[in-house]
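Structure assessment
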Amino acid sequence: MRAFEVFAIYVTPFVIIAVVIKLLMKRYAVDLSDVKKQAGPAPKRRFLLGIWRTD
């Protein structure tokens, strides 16, 4: 039971934040596809030594 309590304490804030963001997006009529269009294309990833870097 203790493990479930700890899990709930860690997960609950993230769930609340996600719900609030979703409600705000609905309120301002913003769709996720609109946000992705504004962000532009995904950065190119490099292989091997530069795997953590993006261009």
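Just so you know, these numbers come straight off a predicted model, no measurement behind them.

Considering the overall build of the protein chain
- Secondary structure assignment for the protein chain yields 2 helices and 0 strands.
- In the protein chain, which comprises 55 residues, the share counted as buried stands at 2%.
- Accessible surface, the protein chain: about 5,700 Å² in total, of which carbon and sulfur atoms supply 69%.

Some remarks on helix α2 (residues 32-39)
- Little of α2 is tucked away, with 0 of its 8 residues classed as buried.
- Positioned one or two residues after α2, Gly40 has a phi angle of 90 degrees, which is positive.

Considerations on helix α1 (residues 2-27)
- An ideal rise of 1.5 Å per residue puts 38 Å on 26 residues; α1 measures up with 38 Å between its terminal C-alpha atoms.
- Where α1 bends most, the angle comes to about 30 degrees, and this point is Val11, followed within four residues by the proline Pro13.
- Backbone geometry just after α1 places Ala29 at a positive phi near 55 degrees.

Describing a nonpolar patch on the surface
- On the surface, Ile16, Val20, Leu24, Tyr28, Val30, Leu32 and Val35 cluster together into a nonpolar patch covering about 620 Å² of accessible area.
- Within the residue set of the nonpolar patch, elements represented by two or more residues are α1 and α2.
- Tracing the backbone shows Ile16 in helix α1.

What counts and how
- Throughout this document, residue positions are counted from 1 along each chain, in the order its sequence is written.
- Predicted model: local features are reported for residues with pLDDT of at least 70 only, side-chain atom pairs are reported and counted for 80 or more only, and whole-chain, interface and lining totals are derived from all residues.
- Based on all heavy atoms of the structure, the side-chain values leave hydrogens and waters out of the count.
- Only runs of H or I of at least four residues qualify as helices and only runs of E of at least two qualify as strands under DSSP, and these elements are numbered from the N terminus.
- Under the scheme applied here, a residue whose accessible area is under 20% of the maximum for its type counts as buried, over 50% as exposed, and between as partly exposed, the area being computed with a 1.4 Å probe on protein chains only.
- For accessible areas, the Shrake-Rupley method is used with a probe of radius 1.4 Å. Any residue's cover is judged against the shown protein chains and nothing else.
- Each helix should span, by expectation, one fewer than its residue count multiplied by 1.5 Å.
- The bend reported for a residue corresponds to the angle between axes fitted to the seven residues ending at that residue and the seven starting there.
- Put simply, a patch holds well-exposed residues, over 30% relative accessible area, that have no salt bridge, with like charges counted together within 9 Å and Val, Leu, Ile, Met, Phe, Trp or Tyr side chains within 5 Å.
- Only one rule defines a salt bridge in this text: a Lys or Arg side-chain nitrogen within 4 Å of an Asp or Glu carboxyl oxygen.

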